[in-house]
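# Inside the fold
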Amino acid sequence: MGKKIFVSYKYADPDVQALSIWGSTARDYVTEFESKLDSSDDIYKGESDNDDLSLLSDDTIWEKLKDRIYDSSVTVVFISPNMRQTWKNDRDQWIPWEVSYSLKETSRKNKNGDPITSHSNAMLAVVLPDKSGSYAYYIEDKTCCNTGCRMHHTDSLFKIIRENKFNRIKNASKDTCSNNSTVWHGTCSYIEAVKWVDFISDYKYYVDKAIDRQEHIDEYSICKTI
C-alpha cells in the first residue's frame, strides 16, 4: 500500500542541474519524482513560491495547508541552492510552515463528528544537484577522517529544518574527528538528508527509513515551531 506523500520545495528555484536541454527548476524534480511513484501512492505538492505570507495570520496559513498535510503521512523536503531567501524572515516563506505543520499533531473531526488526531509525519530531505551537478553546497564529502565523513552545511537551511538535524538524543553514536569536530554515526537526524541521485533510484527505501524514524520519534528532540 502506498504512502501519502507531501512534497515541500521552492517552486521556481532555477539553480539546479538541468533535466532537459531547456533547463530546469526544482518543480521539474517534483515532476520526475511523480513519474516514479507507484500508482497506489499519492503526492501532495507545495505552494507556489510567489505567495506572500507576510500579511497572513497563522490561522489563515494553516487553512491553506491543513487539508493536504493532514491527509499525508510522509513529508519530503527538496533542498535546492536557493530554497531559502535569506533576506526574508522564515515565517514569511512557505517551506518552514509546511515542515512545522508536518511535525505537529493536529486534531480534526471525521464525517461522524469524532475527533481524530494526526501524528507527526515521517520526514526526509532530498538534496538536489546544483547547475554543475554538485551537491557540495549542502553535502560535502571530507577526508579529515580515516574512514571518511560528510559535512552537512546546515547553516543554509531554515531554522526548523536545522533544529531537526543531528537531534537524536537516545541511542546516538558519535565521536570526535581529528580536527575536533563531532562525527555522528548511523541514523542521527529526524530529517535525514539524501542526495537526489540516490533517492530517485530507490525512493521507497528512503521513505521506509523515514517511517522507521517516525516509529522511534521519542529518540529525537523534535522542533515543531518556526
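## Quick notes on the nonpolar core
Counting 47 residues, the largest nonpolar core has Phe-33, Phe-78, Val-99, Val-126, Ile-161, Trp-196 and Phe-199 as the members making the most contacts within it. Counting residues per element, this core draws most heavily on strand S6 (residues 122–127), which supplies six residues. Once residues lying within four places of it in the same chain are set aside, the contact partners of Phe-33 are Ile-5, Val-7, Ile-43, Phe-78, Trp-196, Phe-199, Ile-200 and Tyr-203. Within the second largest apolar cluster, nine residues are counted, among which are Ile-61, Trp-62, Leu-65 and Ile-69.

## Considering helix H3 (residues 94–103)
Along H3, ten of the ten residues are buried, which leaves the element largely enclosed by surrounding structure. Listing the buried residues of H3 in full gives Trp-94, Ile-95, Pro-96, Trp-97, Glu-98, Val-99, Ser-100, Tyr-101, Ser-102 and Leu-103. Of the surrounding secondary structure, the elements contacted by the buried residues of H3 are strand S1 (4–8), helix H2 (58–70), strand S3 (74–79), S6 and helix H4 (159–162).

## A few points about the packing of aromatic side chains
Inspection of every chain in the model, using the stated rule, returns eleven aromatic pairs. On the basis of an interplanar angle of 50° and a centroid distance of 6.2 Å, the ring pair of Phe-33 and Phe-78 is categorised as tilted. Here the residue Phe-33 occupies a position in helix H1 (residues 26–36), and Phe-78 occupies one in strand S3, the gap between them amounting to 45 residues. This pair shows no difference in class: Phe-33 is buried, exactly as Phe-78 is. A connected cluster of aromatic rings, assembled from ring pairs, spans Tyr-29, Phe-33, Phe-78, Trp-196, Phe-199 and Tyr-203.

## Some remarks on H1
Three or more residues of H1 are buried, namely Ala-26, Arg-27, Tyr-29, Val-30 and Phe-33. Along H1, the residues classed as buried sweep out an arc of 155° about the axis, all on the same side. Those residues of H1 that are buried are in contact with S1, strand S2 (42–45), S3, helix H5 (196–201) and helix H6 (203–215).

Conventions adopted
For every chain, the first residue of the written sequence is number 1, and numbering continues from 1 onward in sequence order. Local features in this predicted model are restricted to residues of pLDDT 70 or higher, and side-chain atom pairs are both shown and tallied only at a pLDDT of 80 or more, whereas totals for entire chains, interfaces and linings draw on every residue. No hydrogens and no water enter the side-chain calculation; it runs on all heavy atoms of the structure. What we call a nonpolar core is a set of buried Ala, Val, Leu, Ile, Met, Phe, Trp, Tyr and Cys residues that are connected through their side-chain atoms within 4.5 Å. Burial status follows relative accessibility: with a 1.4 Å probe on protein chains alone, a residue under 20% of its type maximum counts as buried, one over 50% as exposed, and anything between as partly exposed. Helix and strand assignments follow DSSP, with helices taken as H or I runs no shorter than four residues and strands as E runs no shorter than two, numbered in order from the N terminus. We call two residues in contact whenever any of their non-hydrogen atoms come within 4.5 Å of each other. Side-chain rings of Phe, Tyr and Trp, where Trp is taken by its six-membered ring, are said to pair if the distance between their centres is within 6.5 Å; with planes under 30 degrees apart they count as stacked, over 60 as edge-to-face, and otherwise as tilted. Read the arc as the range of directions from the helix axis to the C-beta atoms.

Everything listed here is a matter of geometry and, on its own, says nothing about what the molecule does.
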